[in-house]
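# Coordinates in review
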Amino acid sequence: MNITASLGTSAPHLPPLHSSPPLRPNGTESFAIEIQNVKFSVKTKQKKLVHILEDCSIQIPSGQFWMLLGPNGCGKSTLLKILAGLLSPTDGFMYVKKPKSFVFQNPDHQVVMPTVEADVAFGLGKYRFTPEQIRCRVAKALDAVGMYEYLRRPVQTLSGGQKQRVAIAGALAEECKVLLLDELTTFLDETDQIGVIKAVKKSLASSDDVTALWVTHRLEELEYADGAVYMEDGRVIMHGDASTIMEFIEDRKNSYIRKINA
Amino acid sequence: MLYSCGVVYTLPTVTSSCRQFHTPLFKKHPIQLLPLKTLKPKFTCSASIDDAGPPRNWEKWLPKNLFSAEKVLKSISEATSSPICQFISSPITFLHTVDPRIKLAWLVVLVVLPARSHILMRFGLVAYLSLLSILILPRHVWMDQLGRVSLLSGILFIMLGLGADGAPPVVQLRTPPPSMMGLPSLPASLEGYSYIIMKLGPLQLTRKGLSVASTSASLTFSIFQSASLCLSTTTPEQLAFALQWYMRPLAYIGVPVAEVILTLLLSLRFINLVFDEVRVVALGIVSRRIYWEKFTALETIEVFFTYIRRIFNNIFSHAEQISQAMNVRGFRGDSNTHNIYFSSLSSNSMANILSIMCLVCLVGAAAVSDCFV
Ligand SMILES: Nc1ncnc2c1ncn2[C@@H]1O[C@H](COP(=O)(O)OP(=O)(O)OP(=O)(O)O)[C@@H](O)[C@H]1O
Ligand SMILES: [Mg+2]
């Protein structure tokens, strides 16, 4: 297993990259997520190579709340799955702080136990905690997303948005360094959605050095972010603080409308 | 603000240009389509007997719409999402605070007892279970549960009670009746014993019928009612915990207890996803407003096969995603090293002692009643 060699030459088939910090090229400790020139392609059934991600580079400082924006099918979920380690990139360099947790787009896939509290505690099963510690963490996580009174509810009696909150609570309970959240607001209504963003931000603030990457479609959520990444067609188009991205997207919209009108 | 003005401004020009393009097409359509329609071959079949008048409309006597595809799919899509017995979390009652292991023992006892005890004991158990349900559960829940269960066991009681000995004994007995063997028949009992308790025309309620009917009806009642009482006051995780506790000795002979328990819990969650999927896909078909009357039987069956294939596809994709999610959440495929957190609901020691004492009394009473009879 000579990971060092394969990393240095950026070989076409990299092993799943969870490299240790010294291997990073411009290794500054302050980034929680750092990818460079990541490519990802899949083979279709007709043996055609489809490029889904091309030359994506992102640097996200630790302790911040960032958003990943882009139109449908631009590769946001794919990029997030690569960051989570569910897919391995075809090419490129990647570093994500550990431990990390990932919340799926559809909460029905994430929530695996029949009762809320058991599900929130499911991720803690790999650690050796006492029941008292687990109870405490579950209560804290459920409280953060405003679902404490649903502690013993059967999961199938919850609404889509409530299931999503349970899924987030499961991620929060693990107290990870990196939270990867895929388009959580699809099931939530307007007020619910801001509530969940605030809950995530609150839990970031309460524990030091936690970084979150939040995938969204909605521009109005940008005001809560420290920074944002804008993607289109599998490429990272813009990368910077939230207001710059906001201006950039507004600009694009205006120029697009002008083009149609002309 | 700027772009919204632009959109408003451009809209009329776009639509008007569309209209310009389309008007000639619209004019052409009727001319093109009419001949096609008239050319369509048409077959009519009729059959009649020469001397009879107009054929009688016998078709309307046939049962129609007994099994219509639309009805089936509609009823599937309208079914409630929640299964019948569900944990009731809000008012925490006495039964919530009893240890799940004791509840499981109660369940086993209530299943075994009605089959092997005196008839009074059986009816006593039924009364006890209904009383407990009424006291513990919210009103609408016990009305619903008890109504359903007593209807079922009532039907069973009547059918078995009257049916068990309804057939003449000649058919049932293997040995020929005494009259055929030339033996004097047995003398009638002096103490007023009679085998037949009640006669309703051709039907008769005999002692054997009563015993069979009361056993099976009270067994049905106590199984269903105690199960639903247990499920509505115990979470699936607590039940799994109790089951694991009882199964622990089996681990020494190589039974993968932890795996069985985890599989049980996952499938309890997964069943709901399956129900949801069945419902949602049915809704998808119903909302397309298909003209089922125009379909032949074969085409209707084809739609049903598409429906079933679709459900299976979705379920498999769910299963794949769930296994991915479990991996992400730290499950490494070994259920022995992955601890499951069962419940934060701690049991009350007073409630535990009380329920164990009641259980012992019940078993003792059943044994005594068995001895006396
Ligand atoms: N296994 C696969 N095989 C072929 N194409 C794929 C595969 N997985 C994803 N894609 C394609 O990759 C592109 C990006 O998909 P992805 O799910 O990442 O989009 P997204 O940005 O998350 O979209 P949305 O906003 O709708 O969630 C899509 O065009 C999709 O069709
Ligand atoms: Mg997506």
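Residues numbered from 1 in each chain as written. Chains lettered and ligands numbered in written order. Predicted model: local features only at pLDDT ≥ 70, side-chain atom pairs only at ≥ 80, totals over all residues. Heavy atoms only, no water.

Bringing the side chain of Glu221(A) into the picture now. By the element assignment, Glu221(A) lies in the loop between β7 (211–216) and β8 (227–232). Among the polar contacts listed, one links the side chain of Glu221(A) to the side chain of Trp214(A), at a separation of 2.9 Å. (Helix = DSSP H or I, 4+ residues; strand = E, 2+ residues; numbered from the N terminus. Polar contact = N/O pair within 3.5 Å; in protein donor to acceptor, adjacent residues only side chain to side chain.)

So, about the packing of helix α3 (residues 100–112) of chain B against helix α8 (residues 236–247) of chain B. Geometry of a packed helix pair, given as the angle between the helix axes and the separation of the axes. Residue and element names in this part refer to chain B. Between α3 and α8, the shortest axis-to-axis distance is 8 Å and the interhelical angle comes to 75°. The angle between the axes of α3 and α8 places the two elements in the roughly perpendicular class. Along the contact surface, α3 presents Pro100, Arg101, Leu104 and Ala105, while α8 presents Gln238, Leu239, Phe241, Ala242, Leu243, Trp245 and Tyr246. Its residues assigned to classes, the contact of α3 with α8 comprises nine nonpolar, one polar and one charged. (Axes fitted to C-alpha atoms, helices over the stretch in contact; angles between N-to-C directions. Parallel < 35°, antiparallel > 145°, perpendicular 65-115°, else oblique. Contact = heavy atoms within 4.5 Å. Nonpolar A, V, L, I, M, F, W, Y, C, P; charged D, E, K, R; others polar.)

All names here are of chain A. Every residue near ligand 1 is listed here: Val42, Ile52, Asn72, Gly73, Cys74, Gly75, Lys76, Ser77, Thr78, Gln105, Glu183 and His217. Within the backbone of cysteine 74, a nitrogen or oxygen atom sits 3.2 Å from an oxygen atom of ligand 1. Interatomic distance of 3.0 Å between a backbone N/O atom of glycine 75 and an oxygen atom of ligand 1. When ligand 1 is considered free in solution it has 640 Å² of accessible area, and contact with the protein chains removes 57% of it. Looking at the shell around ligand 1 element by element, the count peaks at three residues for helix α2 (residues 76–84). (Near = heavy atom within 4 Å. Areas by Shrake-Rupley, 256 points an atom, 1.4 Å probe, with all protein chains shown as cover.)

A few words on the coordination of the magnesium ion (ligand 2). Residues and elements named next belong to chain A. Coordination of the magnesium ion (ligand 2) by the protein is provided by Ser77 (OG) and Gln105 (OE1), with metal-donor distances spanning 1.9 to 2.7 Å. With serine 77 in helix α2 and glutamine 105 in the loop between β5 (100–103) and α3 (107–110), this pair connects stretches of sequence that are 28 residues apart. Classification of serine 77 by relative accessible area gives partly exposed; the value is 23%. Overall, glutamine 105 belongs to the partly exposed group, its relative accessible area being 32%. (Donors = N, O, S within 2.8 Å, 3.2 Å for Na, K, Ca; no water. Buried < 20%, exposed > 50% of the residue type's maximum accessible area, 1.4 Å probe, protein only.)

As a further point, take the pattern of salt bridges. Taken as a whole and assessed by the stated rule, the structure comprises 16 salt bridges over all chains. With a closest N to O distance of 2.7 Å, Arg252(A) and Glu232(A) form a salt bridge. Taken together, the residues Arg252(A) in helix α8 (residues 242–261) and Glu232(A) in strand β8 connect sequence positions 20 residues apart. The class for Arg252(A) is partly exposed, based on a relative accessible area of 33%. Residue classification places Glu232(A) among the buried positions, given a relative accessible area of 18%. Among the ionic pairs, Asp99(B) bridges to Arg101(B), the shortest N-O distance being 3.0 Å. According to the relative accessible area criterion, Asp99(B) is buried, its value standing at 10%. Three or more residues are tied together by salt bridges with common partners; here these are Lys39(A), Asp55(A) and Asp91(A). (Salt bridge = Lys/Arg side-chain N within 4 Å of Asp/Glu carboxyl O.)

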